[in-house]
Amino acid sequence: LYMVTDVFNFPNPFDKGTNFVFQLSNDADVKLEVFNVSGFRIWEKEISGVQGFNSIYWDGRDFAGDRIANGTYIYQLTIRFRGSFHREEKVRGKVIFLK
């Protein structure tokens, strides 16, 4: 059974940086994307996720390295489980930046 559980970011709201944490039932390729409320992707990171606890840190900067504006952003975690015949999970949530 391939599952992702316990997805959240802490702290939320944040001002310096936030950690996106999640649990995986199996090793997977993971992509975290952050979008503004207009739907534009402003940041992303890919990691090799491992079975168990995983964490991705975001410093609240966009692709250009600029600090983002105060407000609500949407994140999407895409998990592609290895050895699962292309099993994929997507989890979306909200992250709030307050300076």
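The present account deals with the structure reproduced in this document. (Residues numbered from 1 in each chain as written. Predicted model: local features only at pLDDT ≥ 70, side-chain atom pairs only at ≥ 80, totals over all residues. Heavy atoms only, no water.)

1. A few points about the overall build of the chain
Line of reasoning, step 1. Each helix and strand counted, the chain has zero helices and seven strands in total.
Line of reasoning, step 2. The linear arrangement of helices and strands in the chain, starting from the amino end, is β-β-β-β-β-β-β.
Line of reasoning, step 3. Computed over the C-alpha atoms, the radius of gyration of the chain is 14 Å, within 12% of the 13 Å expected from 2.2 N^0.38 for a compact globule of 99 residues.
Line of reasoning, step 4. Structurally, the chain occupies a C-alpha span of about 40 × 25 × 20 Å along its principal axes.
Line of reasoning, step 5. The buried share among the 99 residues of the chain stands at 36%.
Line of reasoning, step 6. When contacts within the chain are restricted to residue pairs at least 6 apart in sequence, long-range pairs at least 24 apart make up 55% of them.
Line of reasoning, step 7. Here the chain has roughly 5900 Å² of accessible surface; of this, 51% comes from carbon and sulfur atoms.
Line of reasoning, step 8. Charged side chains of the chain number 13 positive and 12 negative; the gap between the two group centres comes to 3 Å. (Helix = DSSP H or I, 4+ residues; strand = E, 2+ residues; numbered from the N terminus. Rg over C-alpha atoms; globule rule 2.2 N^0.38 Å. Buried < 20%, exposed > 50% of the residue type's maximum accessible area, 1.4 Å probe, protein only. Contact = heavy atoms within 4.5 Å. Areas by Shrake-Rupley, 256 points an atom, 1.4 Å probe, with all protein chains shown as cover. Lys, Arg positive; Asp, Glu negative; His and termini not counted. Charge placed at Lys NZ, Arg CZ, Asp CG, Glu CD.)

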